[in-house]
Amino acid sequence: GTTVEGNVSFTGGLRVDGVVRGNVTTANGESGTLVLSEHARIEGAVTVTHAMINGAINGPIASSEFLELQPQARIAGDVVYNRLEVHLGAIVKGQLEHQGAVPRAVELKLASGS
């Protein structure tokens with residue numbers, strides 16, 4: 001039954017079981033894991049390195065390392081990810097965009113102008 005009004009910045013780990021009305025980010029670009037439980041909700045943008053989502057996010061989410069969308073995940077916004085795991089039942093209403101590292105062979109080819 002807890003509701004947080006405002007932006008949340010964290011390091012290490014954050015588990016949300018209630019509602020956050022604001023953006024959720026890792027502090028100073030540091031590593032951090034967000035866990036969003038089944039009945040939890042975030043209304044705002046999420047920018048983290050790791051996330052395990054089983055609740056609802058109304059806004060975009062960007063995960064620079066690993067994103068797991070569990071069966072009750074409901075995302076209404078664009079998703080930017082590096083590695084993604086989607087369980088049966090998860091719903092995304094938005095675009096999925098992979099932001100992984102550029103393969104070394106492609107970097108070399110681009111550098112040589114070929």
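Calculation notes
- Residue positions are counted from 1 within each chain, in the order its sequence is given.
- Predicted model: local features are reported for residues with pLDDT of at least 70 only, side-chain atom pairs are reported and counted for 80 or more only, and whole-chain, interface and lining totals are derived from all residues.
- The side-chain values count all of the structure's non-hydrogen atoms but skip hydrogen atoms and water molecules.
- DSSP calls a pair of strands paired once it identifies at least 2 bridges connecting them.
- In this text, helices come from DSSP runs of H or I with a minimum length of four residues, and strands from runs of E with a minimum of two, each type numbered from the N-terminal end.
- Simply put, an axis is a line fit to the C-alpha atoms, just over the touching stretch for a helix, and the angle between two N-to-C directions goes from 0 to 180 degrees.
- Note: pLDDT gives the predictor's confidence per residue, expressed from 0 to 100.
- Whether two residues are in contact is decided by their heavy atoms, any of which lying within 4.5 Å being enough.

S.K.: Help me get a handle on the pairing of strand E10 (residues 61-69), residues and values and all.
M.R.: Note: strand E8 (residues 46-53) against E10, seven bridges, orientation parallel. In the strand pairing of E10, Val-46 is matched with Ile-61. Sheet topology note: the E10/strand E12 (residues 79-86) ladder contains seven bridges and is parallel. Note that in E12 the partner of Leu-69 across the bridge is Val-86.

S.K.: Report on the sheet that holds strand E13 (residues 91-93), specifying residues and quantitative values.
M.R.: As summarised here, the arrangement of the six strands in space is E1-E4-E7-E9-E11-E13, forming an open sheet in which the pairing is parallel. Every interior strand has two partners, whereas the edge strands, strand E1 (3-5) and E13, have only one. In this sheet, neighbouring strand axes are inclined to one another by 5° on average, regardless of whether the strands run parallel or antiparallel.

S.K.: Quick one: what's the story with the confidence of the model for the protein, residue by residue and with numbers?
M.R.: Of the residues in the protein, 87% reach a pLDDT of 70 or more, and the chain-wide mean stands at 90. Segment residues 102-107: pLDDT under 50, and one contact once partners within four positions in sequence are set aside and those in other chains are kept.

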